[in-house]
Amino acid sequence: WRGREGAPYSTLVPSDEVTISYRHGLPVITLMLPTRSERCQFTVKPVVTTVGAFLQDVQREDKGIERAEVFATDGSKVSDATLMEVLLMNDFKLVINNTAYSVSPPVKDKLSSEHATEMEDIKSLVHRLFVALHVEDHQIRKERELLQKLDQLKGELLPLEQMKARIKESADAKTSRLLWVGLALMSTQGGALAWLTWWVYSWDIMEPVTYFITYGSAMAFYAYFVLTKQDYIYPHAKDRQFLHYFYRKSKKQHFNVEQYNKLKDDLAEAEESLRRLRQPLHLRLPIQEISDKD
C-alpha cells in the first residue's frame, strides 16, 4: 500500500494497535513504540495541540522512529499545522517508519456516562475556582461603583427634596384650610336652616327647601364622579385636592416632578442592586445563584 504523497508502507496494521480513549475530557492515544516494544500513552489537548506537535512527541519518546506522518483515509497527507481536534473527527492512518496504523477515533457524543460525569465534575471545579479567585474582587469593585452612584444620586436629590418639602408643606396647609372652610360652610348652612325653621318660617315651608338642598348635594356628588371617575370619598377627595395644589405650586417654582421621580427610581434601583450584591459577599455565593433563589 502506498500513500499518494509518501513512501510505500510495508505493513498495514489493524486499528486495535493504536487506540484512542477519552480521560477527563481529553483524548489519550495509545500506540506501540517500534524500537522499545512497549505501549505508550500520549494525552493531547485537541484545541491547542497540532498534528506536528503530536508527532514530535512520539519521535521524542522513541529515538528509533525516523519517520512519523499522518494520512487521511484517501491517502492525502495531513498537514502538521492541523489541530488534533480536526484530525480526531474522522478516521486516519498513522505511519511510523514503514508501518501504517489504521486509527478510528471514538465519537465524542457516544462517550460513556462516566466520562460525561468526569467532565461535569471538572466544569464544577473550574467554576468554584473562578468564584474563589475572581468573583469576590469583582463584587467589591462593583460595590464601590454602586456606592459612588448612590452618593451622586443623593447629591442631586438633596436640593429637590428640600424644594419638595416646602411645596408639600404649602399644599398641606392649603388643603387643610379648604377642609376647615368646608366644615364652616356646612355649619353655617345647618345653623341658617335651623334659624329659618324655628324663628322665621315653619317646618312646612322649610321642608321643600331642605329637600332641594339635599337633591342639589346629590347632584354635586354625581358630577364629581362624572368628572373624576371616582366616588366622593373624603380621604380620596383630600388627596386629589392636595395633588392639585402640589402640581400647581411645583409649576410656579419650576420643580421638575418627572426628573425627581426618575432620580428616586434610580436611587431605589441602585440600593436594591447594592443589597443583592452584599448578600453573596457574606454567603460566598455568586450573584446568579442569589437571583435564582429570589
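This text goes with the structure placed above it.
Residues numbered from 1 in each chain as written. Predicted model: local features only at pLDDT ≥ 70, side-chain atom pairs only at ≥ 80, totals over all residues. Heavy atoms only, no water.

### Some details on the overall build of the protein chain
Argument step 1. Looking only at helices and strands, the protein chain has seven helices and seven strands in total.
Argument step 2. Moving toward the C terminus, one meets the helices and strands of the protein chain in the order β-β-β-β-α-β-α-β-β-α-α-α-α-α.
Argument step 3. A total of 294 residues make up the protein chain; the buried ones form 28% of that total.
Argument step 4. For the protein chain, the proportion of contacts with a sequence separation of at least 24, taken over those separated by at least 6, is 60%. (Helix = DSSP H or I, 4+ residues; strand = E, 2+ residues; numbered from the N terminus. Buried < 20%, exposed > 50% of the residue type's maximum accessible area, 1.4 Å probe, protein only. Contact = heavy atoms within 4.5 Å.)

### As for the packing of aromatic side chains
Aromatic rings considered in pairs are described by the distance between their centres and by the relative angle of their planes.
Argument step 1. Counting across every chain of the model gives four aromatic pairs.
Argument step 2. A ring pair is formed by Y222 and F225, whose centres lie 6.5 Å apart and whose planes are at 35 degrees; its orientation type is tilted. Taken together, the residues span about one helical turn, with Y222 and F225 both in helix α4 (residues 203-228) at a distance of three residues.
Argument step 3. Taking relative accessible area as the criterion, Y222 reaches 56% and is therefore assigned exposed.
Argument step 4. By relative accessible area, F225 is classed as partly exposed at 36%.
Argument step 5. A centroid spacing of 5.7 Å and a plane angle of 50 degrees characterise the contact between F255 and Y260, whose relative ring orientation is tilted. (Phe/Tyr/Trp six-rings, centres within 6.5 Å; stacked < 30°, edge-to-face > 60°.)

### Side note on the nonpolar core
Argument step 1. Among the nonpolar cores identified, the biggest contains 25 residues, and L31, F54, V70, F92 and L94 are the most heavily contacted of them.
Argument step 2. Every element with two or more residues in this core is listed here: β2 (19-23), β3 (26-33), β4 (38-43), α1 (51-61), β5 (68-72), α2 (84-87), β6 (92-96) and β7 (99-103).
Argument step 3. No other element matches the four residues that α1 contributes to this core.
Argument step 4. When sequence neighbours within four positions are dropped, the list of residues in contact with F54 reads I29, L31, F42, V44, T49, M84 and L94. (Core = buried A, V, L, I, M, F, W, Y, C linked by side-chain atoms within 4.5 Å.)

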